[in-house]
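In case you want the letters, here they are:
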Amino acid sequence: MKTSEVVSALERFAPLPLQEDYDNAGLQIGLTEAEVSGALLCLDVTEAVVDEAVATGCNLIISHHPLIFRKLRRIVGEDAVQRTVAKAIISGVAIVSMHTNLDAATGGVNYKIAEKMGLQGLRFIGREKEIDHVRGGEGVVGTLPEALSAARFVQMLKQQFGVACVQANELLARPIKKVALCGGAGAMMLDAAIAAGADAFVTGEMRYHEFFGHEQQIQIAVIGHYESEQYTKEIFELILKEACPDVRCVCSRVNTNPIVYL
């Protein structure tokens, strides 16, 4: 299959108009008519990931986070992005990214996080859109199969997402049943989670002052940006297996998380 056919399949699942205004999803590098020898699926694109694509015989990288997020005025190897762009071009590796459009899409990143938590009866919270019959929203809310104490809820998150530690506010004294979430840097969805009547809100990043004032109102649980989105590769793999079954998929084994817990 050609790169353009794979890109079209991805964009049918998560149309580009679902992305936020600041984003830069879509084809980043490469020729659309090139035949795909294999697709490497990843969260972030780094030099090591491009090397991995070459080593595994993949000439297409599908990432969640865009490699080119801000405009590049030159490519002279001044920083990691410029070096990675140059390496991909020299190596003949195309790069396509599905970012906030995949976060928002039905069955996308937030749905995958909810799946890992076992949430049921999902619905969107925050702003919603519908593009080409694909519904999308900023976050989702659903219910756990059974209510959990706050301590058990945090332990469940640590186990399901392989998290070394969870940032949380004061543990909720009541059971947690209804859970709202937004992957990545989703702190802006806290108010929507409260308005939805959620017992807990899970996201990847929040700032210090955003934790204040919610004691015993809602359980905040911050599991890390990388950790919240690490299963995005599974979404890419499912899309390609259904829409592009002849394309060989390789899940990246490179851990691109820049944060370590000591």
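Details of the structure are given in the entry above.
Because the structure is a prediction, the values reported are computed rather than measured.

Cut-offs and rules
Residues numbered from 1 in each chain as written. Predicted model: local features only at pLDDT ≥ 70, side-chain atom pairs only at ≥ 80, totals over all residues. Heavy atoms only, no water. Helix = DSSP H or I, 4+ residues; strand = E, 2+ residues; numbered from the N terminus. Buried < 20%, exposed > 50% of the residue type's maximum accessible area, 1.4 Å probe, protein only. Contact = heavy atoms within 4.5 Å. Axes fitted to C-alpha atoms, helices over the stretch in contact; angles between N-to-C directions. Parallel < 35°, antiparallel > 145°, perpendicular 65-115°, else oblique. Left-handed = near helix turned anticlockwise from the far one by under 90°. Arc of directions from axis to C-beta. Pairing = 2+ DSSP bridges. Right-handed = clockwise from strand over helix to strand, strands pointing away. Expected span 1.5 Å × (residues − 1).

Thoughts on the environment of Pro175
For Pro175, the position within the fold is in the loop between strand 7 (167-168) and strand 8 (176-182). According to the relative accessible area criterion, Pro175 is exposed, its value standing at 53%. Remark: the alpha-carbon pair of Pro175 and Ala147, spanning 28 residues in sequence, is separated by 5.8 Å. Setting aside anything within four residues of it in sequence, one finds Pro175 in contact with Ala147, Leu148 and Asp199.

Quick word on the side chain of His64
Looking at the element boundaries, His64 is found in the loop between strand 3 (60-63) and helix 3 (80-91). If we ignore the near neighbours within four places in the chain, the residues touching His64 are Cys42, Leu43, Ser97, Met98, His99, Leu102, Asp103, Val109, Glu229, Thr232 and Phe236.

A word on the packing of helix 5 (residues 109-117) against helix 9 (residues 232-243)
Taken N-terminus to C-terminus, the directions of helix 5 and helix 9 make an angle of 110°; their axes are 9 Å apart at the nearest point. Of the possible angle classes, the one that applies to helix 5 and helix 9 is roughly perpendicular. Handedness of the helix 5/helix 9 crossing: right-handed. Contacts between helix 5 and helix 9 involve Val109, Lys112 and Lys116 from the former and Thr232, Glu234 and Ile235 from the latter.

Focus: helix 1 (residues 3-13)
For helix 1, the complete set of buried residues consists of Thr3, Val6, Val7, Ala9 and Leu10. Projection of helix 1 onto a plane perpendicular to its axis shows the buried side chains occupying an angular sector of 155°, all on one side.

Describing the side chain of Gln19
Tracing the chain through its elements places Gln19 in the loop between helix 1 and strand 1 (26-29). If near-sequence neighbours (up to four positions away) are discounted, Gln19 is found in contact with Asn24, Ala25, Thr100, Asn101 and Lys129.

Notes on the pairing of strand 8
Burial of strand 8 is extensive: five of the seven residues sit out of reach of the surface. In terms of strand pairing, strand 6 (residues 134-148) meets strand 8 through five bridges, oriented antiparallel. The residue bridging Val141 from the neighbouring strand is Ala180, located in strand 8. Direction of pairing for strand 8 relative to strand 9 (residues 200-203): parallel, over a ladder of four bridges. Paired with Val179 across the two strands is Ala200, which belongs to strand 9. Once the chain exits strand 8 it traverses helix 7 (residues 190-195) before rejoining the sheet at strand 9, and the crossover so formed is right-handed.

Side note on the sheet that holds strand 10 (residues 219-222)
Pairing within the open sheet is mixed, and its six strands lie in the order 5-6-8-9-10-7. Because the sheet does not close on itself, it has two edges, and the strands there are strand 5 (120-131) and strand 7. Examined bridge by bridge, strand 9 and strand 10 share four bridges and lie parallel to one another. Paired with Thr203 across the strands is Val222, a residue of strand 10. In the packing of helix 6 (residues 150-161) onto the sheet, contacts are made with strand 6, strand 8, strand 9 and strand 10, and the angle to strand 6 comes to roughly 125°.

Observations regarding helix 6
Across its 12 residues, helix 6 extends 17 Å between first and last C-alpha, which sits within 8% of the 16 Å expected from 1.5 Å per residue. Along helix 6, the residues that are buried comprise Ala150, Phe153, Val154, Met156, Leu157 and Phe161. The arc that holds every buried residue of helix 6, seen down its axis, measures 155°, which confines them to one face. Against helix 5, strand 6, strand 8, strand 9, strand 10 and helix 8 (225-229) lie the buried residues of helix 6. Looking one or two places after helix 6, you find Gly162, whose phi comes out positive at around 60°.

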